[in-house]
Amino acid sequence: MASFSIERVLVERGVEQYRIFSHVRERTAEIPQSNSAKESDRMAGDYPDMGKKTLHLLEYNGELLKPCPGTTNHICCGYQILNVATNCPLDCSYCILQSYFNEPNLRVFTNLAERLEEVFNLIENNPDKIFRIGTGEFTDSLALDPLIGWTDILVPPFSKRKNAILELKTKTVHIEKLLALRERDQIIVSWSLNSPTIAATEEHRAPSLKKRIEAAAACQSEGFLVGFHFDPLIPHPNWQDDYLKTIDLMARFIDPARIIWISMGSFRFMPPLKAVIRQRHPHTSVLDGEFVRGLDGKMRYFKPIRMELYRFMREHLEAWHNDLGLYLCMESDEIWRRTMGWTPKNTEGLSRFLDERVKKFFG
Ligand code: SF4
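1. Some details on the packing of aromatic side chains
One pass over the structure, following the stated rule, counts 14 aromatic pairs. For the pair F267 and F291, a centre-to-centre distance of 5.9 Å together with 80 degrees between the ring planes defines the contact as edge-to-face. With F267 in the loop between β14 (259–266) and β15 (268–269) and F291 in strand β16 (residues 291–293), this pair connects stretches of sequence that are 24 residues apart. With 4.8 Å between their ring centres and 25 degrees between their planes, F291 and Y301 make a pair best called stacked. Residue F291 is located in strand β16, and its partner Y301 is located in strand β17 (residues 299–301); the two are separated by ten residues in the primary sequence. The same class applies to F291 as to Y301, namely buried. Three or more aromatic residues joined by ring pairs make a cluster, and in this case those are Y94, F267, F269, F291 and Y301.

Structure, rendered in structure tokens:
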């Protein structure tokens, strides 16, 4: 059972026919359940916590698969987001979702299984394209898996698509359902990592770094390919020693030859997020650095700070293993050249690099 305490379940009309609803129903029999219409005047009270303890079951009729929004004037990775839910039961102080959605609650799209054919038709109609797809942009891919059963719905059919991979990105250790499945092909389980200090002080409700890395090791030993994301890197007192501790832990538990990729990005945000962070996380130190506004309107650390972060991480990760599929998330050609020793030049170039990683591991 999920360790995140769901205190109520809101059910929208018409969702009872869907597979996810039945799965949730069986696992939340003890939790107060109500029709969403009757609850509408209570929803405003959820906002301070973004409704993170309310599971809201609804039908979704918008675009199921969409390109990652990326950012203008920077090199992106050509990823596609499978929109399974919005909001997340964890509560990282730096989370951009805090100013991204105007609707509260853990909104789970119950008609996912029934709509998947749309996605598979698209994949099959484009056999020369590699679809790198993830569910972990607008929520955590595994945090609610024990309740929702996402992996049961997604992993078996995705593992049959040779020109697609499904990346399940998480900070949790909810791998039990995943490990119980037989399929491994075309599936990547990836963890967001940080320094032990940032993990303990800013990633509220998330398991410790050691637990995350142990979960990744368990997935590897059960035959899954894994990935890691150091995003957001955040300079803080003794950050070098602190990030080294994370790399040491990885080296202790993880087989580097079975890592498909490791991304790095530094903390960045649209200006309105700052006030939300100050209000929701008054003790945070993520806003302590000096930020400048980039061409895409986002606030980022000064270039020399970002370069120092990336160079340091690259040097130490490559000292561990020299073929980790390291890449930068939303950075410029110049930063790539000056920190990584090469540049994909543009989004197409980075997409090709990541597609090659997929081919290397999945053939
Ligand atoms: S795990 Fe990701 S989506 Fe969830 S609160 Fe943290 S940053 Fe946001």
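2. A few points about the side chain of H56
With respect to the helices and strands, the residue H56 is situated in strand β3 (residues 54–58). Engagement of the side chain of H56 in a polar contact is seen with the side chain of E12, the distance being 2.9 Å. Residues contacting H56, with those up to four places away along its chain left out, are L10, E12, S36, N105, L106, R107 and V108.

3. Comments concerning the site of the ligand
All residues in the neighbourhood of the ligand are listed as C88, L90, D91, C92, Y94, C95, L97 and K171. Assessed atom by atom at 2 Å from the grid points, the ligand resides in the largest pocket. Class assignment for the residues of the shell around the ligand results in six nonpolar, no polar and two charged.

4. Some details on the sheet that holds strand β13 (residues 225–233)
If you walk across this open sheet you meet the eight strands as β4-β5-β9-β10-β11-β13-β14-β18, and the pairing is mixed. Looking at strand neighbours, the two that pair on one side only are β4 (65–67) and β18 (326–328), the edges of this open sheet. Averaged over all neighbouring strand pairs, the angle between strand axes comes to 30 degrees, with direction disregarded. Alignment of β4 against strand β5 (residues 80–82), held across three bridges, turns out to be antiparallel. By the bridge assignment for β5, K66 is matched with I81. Each of β11 (187–193), β13 and β14 is contacted by helix α8 (residues 209–221), which is oriented at about 165 degrees to β11, the strand it contacts most. Its contacts with the sheet put helix α11 (residues 303–320) on β13, β14 and β18, and the angle it makes with β14 is roughly 160 degrees.

5. A look at unusual backbone geometry
Here D231 and P232 are connected by a cis peptide whose omega angle stands at 10 degrees. The topology assignment puts P232 in strand β13. The phi dihedral of Q186 falls on the positive side, at around 65 degrees, and the residue is not glycine. Residue placement: Q186 occurs in the loop between α6 (176–180) and β11. We classify Q186 as buried; its relative accessible area is 1%.

Reading the values: the criteria
- Residues numbered from 1 in each chain as written.
- Predicted model: local features only at pLDDT ≥ 70, side-chain atom pairs only at ≥ 80, totals over all residues.
- Heavy atoms only, no water.
- Phe/Tyr/Trp six-rings, centres within 6.5 Å; stacked < 30°, edge-to-face > 60°.
- Helix = DSSP H or I, 4+ residues; strand = E, 2+ residues; numbered from the N terminus.
- Buried < 20%, exposed > 50% of the residue type's maximum accessible area, 1.4 Å probe, protein only.
- Polar contact = N/O pair within 3.5 Å; in protein donor to acceptor, adjacent residues only side chain to side chain.
- Contact = heavy atoms within 4.5 Å.
- Near = heavy atom within 4 Å.
- 1 Å grid on protein atoms, 1.4 Å probe; cavity = no way out; pocket = protein on both sides within 12 Å on 5 of 7 lines; lining within 4 Å.
- Sits in = over half its atoms within 2 Å of the grid points.
- Nonpolar A, V, L, I, M, F, W, Y, C, P; charged D, E, K, R; others polar.
- Pairing = 2+ DSSP bridges.
- Axes fitted to C-alpha atoms, helices over the stretch in contact; angles between N-to-C directions.

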